[in-house]
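Architecture at a glance
Spelled out, the chains give:
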Amino acid sequence: MTEIKKELLYTGKAKDVYKVDGEDDKVIIKFRDDITALDGGRKDTLSKKGAYNALISAKLFEVLEEHGVATQYIKLVEPDQMLSKSLDMIPLEVICRNIATGSLLRKYPFHKNQKLEPPVMQFDYKNDVYHDPMLNDSIITALEIATQEQLDKIREITHVINKVLSKFLIDKGLILVDFKIEFGFDKDGKLVLGDEISPDTTRLWDAETLDNFDKDIFRKGEEGVVDAYHKVVNLVLTDEEKDKWNVEKI
Ligand code: TYD
């Protein structure tokens, strides 16, 4: 097992990032049980949530790597801890939507559950002081958040991610409604997918009932969010993976 040097580099709303002893190009990302929504207006700590999100993210990153998408992920070292490449993160939230719901319905005249073909892509500025405003290409380039070339590449990779994960998840009975991802640069300057892809950052609907298996349960103030995440773990992991991480004992 990789020893965590208890030197905290960064703490976010739901994850902590630690230094790895003697390896400056790697970090350990610890997924905490904290959950927030509504721009920090709703907060809670839900036992097991961190581990479930780490297990789901690890699985989806593995699937993406198998399809040629470069990710930050190296391996899980504990059910809630991911050894990852250290990245210089781009402060963008890249949101990709296949079905109109959430803020898209609050802000624009889309029909509820309208299919979005091609998917709608949006960039938000990851900046708490400014409350994550939506950006466009010229604001992004003027603020020097990314170059046009980098943005074009991010769009291209995000389309691939959407295709690969939509297919993987529908085969498990889940619709990938929308998701938020983040990118960064590794030590060689390569653009790499980072952060997480979990029910905290995606909308996953049961393909039969259209029930939520994601953070919308918490956003709506309903019970059962951790049970829903547990169900996603059971749907996406193989039996061997569930045994390896002793999922039922988490
Ligand atoms: P969106 O509909 O904009 O969010 P909300 O209804 O919460 O305002 O979210 C689209 C998707 O992106 C959804 O799966 C949640 C995810 N997302 C994040 O993970 N973090 C964010 O800050 C935002 C805005 C969205």
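Below or above, wherever it landed, is the structure these notes cover. (Residues numbered from 1 in each chain as written. Predicted model: local features only at pLDDT ≥ 70, side-chain atom pairs only at ≥ 80, totals over all residues. Heavy atoms only, no water.)

As for the pairing of strand β4 (residues 34-37)
Taken together, the four bridges between β4 and strand β5 (residues 42-45) define a ladder with antiparallel strand orientation. Across the sheet, the residue bridging to I35 is D44, located in β5. In this structure, the hairpin formed by β4 and β5 is closed by a connection of four residues, where L38 is found at a positive phi of approximately 55°. (Pairing = 2+ DSSP bridges. Helix = DSSP H or I, 4+ residues; strand = E, 2+ residues; numbered from the N terminus.)

Notes on the packing of aromatic side chains
The tally for this structure, following the rule as stated, stands at two aromatic pairs. With centroids separated by 6.3 Å and ring planes inclined at 35°, the aromatic side chains of F61 and Y73 adopt a geometry described as tilted. Of the two residues, F61 is situated in helix α1 (residues 49-66) and Y73 in strand β6 (residues 73-78); the sequence distance between them amounts to twelve residues. Both residues of the pair, F61 and Y73, count as buried. Between Y108 and F110, the aromatic rings sit 6.3 Å apart at their centres with planes inclined by 75°, giving edge-to-face as the arrangement. Of the residues examined, F110 reaches a relative accessible area of 29% and is grouped as partly exposed. Residue placement shows K15 over the ring face of F31; its charged tip is 5.8 Å from the ring centre. (Phe/Tyr/Trp six-rings, centres within 6.5 Å; stacked < 30°, edge-to-face > 60°. Buried < 20%, exposed > 50% of the residue type's maximum accessible area, 1.4 Å probe, protein only. Lys NZ or Arg CZ within 6 Å of the ring centre and 35° of its normal.)

Section: the packing of α1 against helix α4 (residues 148-170)
Across the interface, α1 lies against α4 with an axial gap of 10 Å and an inter-helix angle of 120°. By crossing handedness, the relation of α1 to α4 is classed as right-handed. Where α1 approaches α4, its residues K59, L60, V63 and L64 are matched on the opposing element by I161, V164, L165, F168 and L169. Class assignment for the residues of the contact of α1 with α4 results in eight nonpolar, no polar and one charged. (Axes fitted to C-alpha atoms, helices over the stretch in contact; angles between N-to-C directions. Left-handed = near helix turned anticlockwise from the far one by under 90°. Contact = heavy atoms within 4.5 Å. Nonpolar A, V, L, I, M, F, W, Y, C, P; charged D, E, K, R; others polar.)

Notes on the nonpolar core
Counting residues in hydrophobic clusters, the biggest one holds 61 residues, and the most contacted among them are L64, L92, I161, L165, L169 and F183. Once residues within four sequence positions are removed from consideration, L64 is found in contact with V69, T71, I161, V164, L165, L193 and I197. (Core = buried A, V, L, I, M, F, W, Y, C linked by side-chain atoms within 4.5 Å.)

Here's the deal with the site of the ligand
In the region of the ligand, 16 residues are neighbours, and E93, S103, R106, D178 and R203 sit closest. One nitrogen or oxygen atom from the side chain of R203 is found 2.8 Å from an oxygen atom belonging to the ligand. About the coverage of the ligand: the protein hides 82% of its 520 Å² of free accessible area. A class-by-class count of the residues in the shell around the ligand yields two nonpolar, five polar and nine charged. (Near = heavy atom within 4 Å. Polar contact = N/O pair within 3.5 Å; in protein donor to acceptor, adjacent residues only side chain to side chain. Areas by Shrake-Rupley, 256 points an atom, 1.4 Å probe, with all protein chains shown as cover.)

Here we look at the pattern of salt bridges
Enumeration according to the criterion identifies 24 salt bridges in this entry. Note that K15 and E196 form a salt bridge whose closest N and O atoms lie 2.7 Å from each other. Taken together, the residues span a long stretch of sequence, with K15 in strand β2 (residues 15-20) and E196 in the loop between β13 (191-194) and β14 (202-206) at a distance of 181 residues. Connected via shared salt-bridge partners are K15, K126, K180, E182, D195 and E196. (Salt bridge = Lys/Arg side-chain N within 4 Å of Asp/Glu carboxyl O.)

Overview of the side chain of E182
Along the chain, E182 falls in strand β12 (residues 174-185). Ignoring anything within four residues of it in the chain, the contact list for E182 reads M89, L92, E93, K126, V192, L193, G194 and D195.

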